[in-house]
Amino acid sequence: MSGRILIIGACGQIGTELTLKLREIYGEDKVIASDIREGAEELMQSGTFIKADAKNKEQLENIIRENQIKDVYLMAAMLSATAEKAPMQAWDLNMNSLFHVLNFAKEGLINKIFWPSSIAVFGPSTPKDATPQTTVMEPTTVYGISKLTGERWCEYYYNKFGVDVRSIRYPGIISYKTLPGGGTTDYAIDIFHEAVKTRKYTSFLAKDAALPMMFMDDAIKATIEIMQAPEENIHIRSSYNLAAISFTPEILAGEIKKHFSDFEINYDPDFRQKIAESWPSSIDDSAARKDWGWQHDYDLEKMTDIMIEGVEHRLQEKA
Ligand code: SER
């Protein structure tokens, strides 16, 4: 591969593990990490880090020029719950960072872009089960509106200017290495930390709030595979539906009880329940499977085993 890779938002939940994986594949000197703040020690020690604000076009342009960047993964974003509390900042970050990167590609400065979309692009009027790739989309959250708008712009830049932008609608991503930042699906991570530490958890979603979810390793695999796929295989330039597993807090708690029989769960839904209710319960991702061979590896059981082991291990390291 000629040229280097830049990950913007490298210190976030997905950015951290994506950066580590890309460095493993392409070599540490090929992958530049950037974020507005420093991240986990493992990430900071794994290669070059440059502090930058994803909203600042000049800063990004300098990094790209100085490091011969050819591929950009734009992972910086304000997620659903946080965005509801700061709508204008969320819009500013989620949209302007995307425009900067799309315009760099339009101007020929970079070759390829990965930009994540989300299940948040769907809304209450969308069919809830096995939500199709193409369907009614009337998102009711600031985050969802920004992601749907972003999808339209990605497709526009591809059609109009030939920009090679590739995108996935991530479901809730579950991991233990870096904590997530302000999403509606975060309960499915918090629950593991509390189960390991206290054997109790109070869920901010109702027990029957079914949402599409995915273990981090699957999300990273999908991200890298869509970027590696031959250009002619990418038929959707807005964003691909992507799925692995779907479950409710009650089902997840049942799985955790197989490890800790004394685990107790309570439910105290807050404003995030309404967001969850507006999103699909499960996703039809057949287009991703057909076009670039997507396959997930982790089911609920396997994910639960690894999460418990991972969270326990991290706690022991801290002790
Ligand atoms: N995990 C995200 C959120 O809950 C969905 O993309 O905001």
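Now for a description of the structure that goes with this document. Predicted model, so just to flag it, every value in this text is computed and none were measured.

Let's talk about the site of the ligand
(1) Moving on: Around the ligand, a shell composed of Leu79, Ser80, Ser118, Tyr143, Gly183, Thr184, Thr185 and Trp279 is seen.
(2) Moving on: Within the backbone of Thr184, an N or O atom sits 2.6 Å from an oxygen atom of the ligand.
(3) Moving on: Relative to its unbound accessible area of 240 Å², the ligand is 94% covered by the protein chains.

Some thoughts on helix H7 (residues 187-197)
(1) Moving on: In terms of residue burial, H7 counts as a mostly covered element, since 8 of its 11 residues are buried.
(2) Moving on: Within H7, the full set of buried residues consists of Tyr187, Ala188, Ile189, Ile191, Phe192, His193, Ala195 and Val196.
(3) Moving on: A positive backbone phi angle near 65° is found at Arg199, which sits one or two residues after H7.

Some thoughts on the environment of Met75
(1) Moving on: Summarising the element assignment, Met75 is placed in the loop between strand S4 (69-74) and helix H4 (80-85).
(2) Moving on: The exposure class assigned to Met75 is buried, which follows from its relative accessible area of 12%.
(3) Moving on: With 62 residues separating them in the primary sequence, Met75 and Gln13 have C-alpha atoms 9.3 Å apart.
(4) Moving on: Among residues more than four places away in sequence, those in contact with Met75 are Ile7, Ile8, Gly9, Ile14, Gly15, Leu18, Phe114, Pro116 and Tyr170.

Quick look at the pattern of salt bridges
Oppositely charged side chains are able to pair whenever their charged atoms sit close together.
(1) Moving on: A full pass over the atoms with the stated rule returns 14 salt bridges.
(2) Moving on: Linking Asp164 and Arg166 is a salt bridge whose minimum nitrogen-to-oxygen distance equals 2.9 Å.
(3) Moving on: On the accessibility criterion, Asp164 (8% relative accessible area) is buried.
(4) Moving on: The partner of Arg272 in a salt bridge is Asp270, with the nearest N and O atoms 2.7 Å apart.
(5) Moving on: A single salt-bridge network, built from bridges that share partners, covers Asp164, Arg166 and Arg237.

About the thresholds
- Residues numbered from 1 in each chain as written.
- Predicted model: local features only at pLDDT ≥ 70, side-chain atom pairs only at ≥ 80, totals over all residues.
- Heavy atoms only, no water.
- Near = heavy atom within 4 Å.
- Polar contact = N/O pair within 3.5 Å; in protein donor to acceptor, adjacent residues only side chain to side chain.
- Areas by Shrake-Rupley, 256 points an atom, 1.4 Å probe, with all protein chains shown as cover.
- Buried < 20%, exposed > 50% of the residue type's maximum accessible area, 1.4 Å probe, protein only.
- Helix = DSSP H or I, 4+ residues; strand = E, 2+ residues; numbered from the N terminus.
- Contact = heavy atoms within 4.5 Å.
- Salt bridge = Lys/Arg side-chain N within 4 Å of Asp/Glu carboxyl O.

Such coordinate-based values are descriptive only and should not be taken to indicate function.
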